[in-house]
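Coordinates in review
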Amino acid sequence: MSILKLKGMFRSLMGQHDSPSKMAASFGVGTMIGMSPLFGIHTFLGIFAAWAFKLNKPATITGVYVTNPLTIVPIYTFGTWVGIRLLGMDLSMLALDFGHITFSNVVHELNVFLLPFFVGSTVVSLISGVLSYYIMLCIFRFRDRKKTRETAA
């Protein structure tokens, strides 16, 4: 197999033949799934969404992995904070007594954060998916314009 054939296969896999809107949509859907509160099944959902909606799989999975071990705590903390604000919860009622918390009652103590976590993370994931779509669309269109100028010169 020639180098040119391998290079063409790689470009096809990476979606370089896909339109900027399809690549941006793929990344946006991946980001939305990755930031959703459905922790633990993000990769499966990303692959399924890419297959079901005929999206670019590498771009979708890249979007899913915006939430990774380095970003998961700030993303979900922000999502929970957004949920607390949206639900109008009083922050004083959410005070935890870490001095008396044990492994057996941690679920009970943190149960108050469950609804704000789901509501806030869902809202943040939807907004992030839309924003990442538009940001990536601008980037891909800029890349295509730059390529067009380079080939014309």
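As the structure is a prediction and not an experimental result, all values here were calculated from the model.

Reading the values: rules and limits
Residues numbered from 1 in each chain as written. Predicted model: local features only at pLDDT ≥ 70, side-chain atom pairs only at ≥ 80, totals over all residues. Heavy atoms only, no water. Helix = DSSP H or I, 4+ residues; strand = E, 2+ residues; numbered from the N terminus. Expected span 1.5 Å × (residues − 1). Buried < 20%, exposed > 50% of the residue type's maximum accessible area, 1.4 Å probe, protein only. Contact = heavy atoms within 4.5 Å. Salt bridge = Lys/Arg side-chain N within 4 Å of Asp/Glu carboxyl O. Phe/Tyr/Trp six-rings, centres within 6.5 Å; stacked < 30°, edge-to-face > 60°.

It is worth spelling out helix H5 (residues 72-87) at this point. The terminal C-alpha atoms of H5, which comprises 16 residues, lie 22 Å apart, in line with the 22 Å expected from a rise of 1.5 Å per residue. Residues Ile72, Ile75, Tyr76, Gly79, Thr80, Val82, Gly83 and Ile84 constitute the buried set of H5. As for H5, its buried residues are in contact with helix H2 (20-34), helix H3 (42-52) and helix H7 (114-152).

Turning our eyes to something else, we now look at the pattern of salt bridges. Pairing between side chains of opposite charge can happen when their charged atoms approach one another. Throughout the structure, instances matching the rule amount to 2 salt bridges. A salt bridge links Lys22 to Asp18; the shortest N-O distance between them is 4.0 Å. Overall, Lys22 belongs to the partly exposed group, its relative accessible area being 30%. Owing to a relative accessible area of 23%, Asp18 belongs among the partly exposed residues under this scheme. Here Asp144 and Arg143 are joined by a salt bridge, their closest N and O atoms 3.4 Å apart. Residue classification places Asp144 among the partly exposed residues on the basis of a relative accessible area of 25%.

Turning to unusual backbone geometry, a few remarks are in order. Phi is positive for Lys54, close to 55°, though the residue is something other than glycine. Structurally, Lys54 is set in the loop between H3 and helix H4 (57-64). The class of Lys54 is exposed, set by a relative accessible area of 64%.

Below, the discussion takes up the packing of aromatic side chains. Enumeration according to the criterion identifies 6 aromatic pairs in this entry. For the pair Tyr76 and Phe117, a centre-to-centre distance of 5.1 Å together with 75° between the ring planes defines the contact as edge-to-face. Of the two residues, Tyr76 sits in helix H5 while Phe117 sits in helix H7, which places them 41 residues apart along the sequence. Per residue, the accessibility class of Tyr76 equals that of Phe117, and both read buried. A ring pair is formed by Phe78 and Trp81, whose centres lie 5.9 Å apart and whose planes are at 25°; its orientation type is stacked. Taken as a pair, Phe78 and Trp81 lie in helix H5 at a separation of 3 residues, close to a single helical turn. In this structure an aromatic cluster arises from ring pairing among Phe39, Tyr76, Phe117 and Phe118.

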